[in-house]
Amino acid sequence: MTDRIDDFLRRHGLAGAARAPLTGDASARRYIRLTGADGRSLLLMDTPAPADDLVPFIAIGRLLARLGFSVPTIVAADSAAGLALLEDFGDDTFSRLLAAGADPEPLYDLATDVLIALHQRFRPDDAEELGIPLYDTRLFAEQVMLFADVYIPVATGATLHPVDRYALETAWMSVIVPACEGPWSLLLRDYHIDNLMRLPRDGVRAAGLLDFQNAGVGPVAYDLASLLEDARRDVPADLAAAMTSRYLDAFPGLNAAAFRRSMAVLGAVRHARVIAIFARLALRDGRRAYLDHLPRVWRLLEGHLARPELAPVAAWFDQHLPPDKRGGFIIPEAVQ
């Protein structure tokens, strides 16, 4: 691995650059900040699955740049090696700014305005050549069933019976189908404050976009739910309500009630999947820090299950997943 990186950096005149690894996320990708003798810096993106990460990152980044958004400029890339040199946006993620005491409202205003602009500018034919996925009812159902396959066996001590698994999938499908009936646009999928950077630029370009390689085309409510129902940070209810209204005010022709229902269902889908992903990271990879966020994600999921549009899923949970199996997570002794 080191030889591969050394060779790549040597080819691009960065053999002597100082290297500083950056804190990773839930993926297998890693980032290294490279600083040259002149003090200028770049980021090295290293991904073990370039076809899934680097190739779409490059293609979707070009699309977003063409639409007028700030994405890291790609200085050089070797897709076969899974390596790329990226423009360094610095350290001012929204999450770090908030942790340092920044006023949340302007940051969330900006993040919401990015989605508004994206949904105004994007056209379906913009993505036709990219081969990006459709976040349709089938894909959402597949993603949310990770919860059944990963979380439930550990929480309950037993794998779901096929009949019960089918019943859960049917319940999810019954609520996902109407949630996907509204307008669609480019769906960034991991749109939250850890993936947004504050830049000294004007308008929506003041938000630097990161981690968009899993983008696809899907319902417009998904990314706003991702932003306002953060797995890692509590977003005050009044702020979330204000941002939802801000988005809806920009689209007066949108059915506001249907949008809010879609946002609740897609938020629940996301939370169930995140619970499973965090549990898998702890079990498979030993990354147990993610378990600290499970109570928050469960609270968000439970809040949606109380809504009438999630009634079929809530009924399944009430029958098959007792309250004492929700909210937390205990690592089995066998994998301690």
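Remember, predicted model here, so these are calculated numbers, not experimental data. (Residues numbered from 1 in each chain as written. Predicted model: local features only at pLDDT ≥ 70, side-chain atom pairs only at ≥ 80, totals over all residues. Heavy atoms only, no water.)

How should the packing of aromatic side chains be read in this particular structure?
Aromatic ring pairs are defined here through the distance separating the ring centres and the angle between the ring planes. In total, this model carries twelve aromatic pairs according to the counting rule given. Residues Phe147 and Phe317 carry aromatic rings whose centres are separated by 5.5 Å and whose planes lie at 25 degrees to one another, so their mutual orientation is stacked. One end of the pair, Phe147, is in helix 6 (residues 146-156); the other, Phe317, is in helix 12 (residues 311-320), and 170 residues separate them in sequence. Phe317 shares its class with Phe147; the two are buried. Consider the rings of Trp298 and Phe317, whose centres lie 6.3 Å apart with planes at 70 degrees: the pair is edge-to-face. Here Phe317 lies in helix 12 and Trp298 lies in helix 11 (residues 294-305), a separation of 19 residues in the sequence. Grouping residues by exposure puts Trp298 and Phe317 together as buried. Through a chain of ring-to-ring contacts, the aromatic side chains of Phe147, Tyr151, Trp298, Trp316 and Phe317 assemble into a single cluster. Directly above the ring of Phe69 sits Arg121, whose terminal nitrogen or CZ lies 5.0 Å from the centroid. (Phe/Tyr/Trp six-rings, centres within 6.5 Å; stacked < 30°, edge-to-face > 60°. Helix = DSSP H or I, 4+ residues; strand = E, 2+ residues; numbered from the N terminus. Buried < 20%, exposed > 50% of the residue type's maximum accessible area, 1.4 Å probe, protein only. Lys NZ or Arg CZ within 6 Å of the ring centre and 35° of its normal.)

Quick question: what am I supposed to make of the environment of Pro295 here?
Relative to the elements of secondary structure, Pro295 occurs in helix 11. Classification of Pro295 by relative accessible area gives partly exposed; the value is 34%. Residues Pro295 and Asp52, 243 residues apart in the sequence, show an inter-C-alpha distance of 30 Å.

How do you make sense of unusual backbone geometry when you look at a structure like this?
Negative phi is the rule for most residues except glycine; trans is the rule for most peptide bonds. A positive phi angle is found at Arg189, which is not glycine, with a value near 75 degrees. Inspection of the secondary structure puts Arg189 in the loop between strand 6 (184-187) and strand 7 (196-198). What makes Arg189 buried here is its relative accessible area of 16%. The backbone of Asp211 shows a phi angle near 55 degrees, a positive value even though the residue is not glycine. Tracing the backbone through its elements, the reader meets Asp211 in the loop between strand 8 (207-209) and strand 9 (216-219). Overall, the relative accessible area of 10% leaves Asp211 in the buried class.

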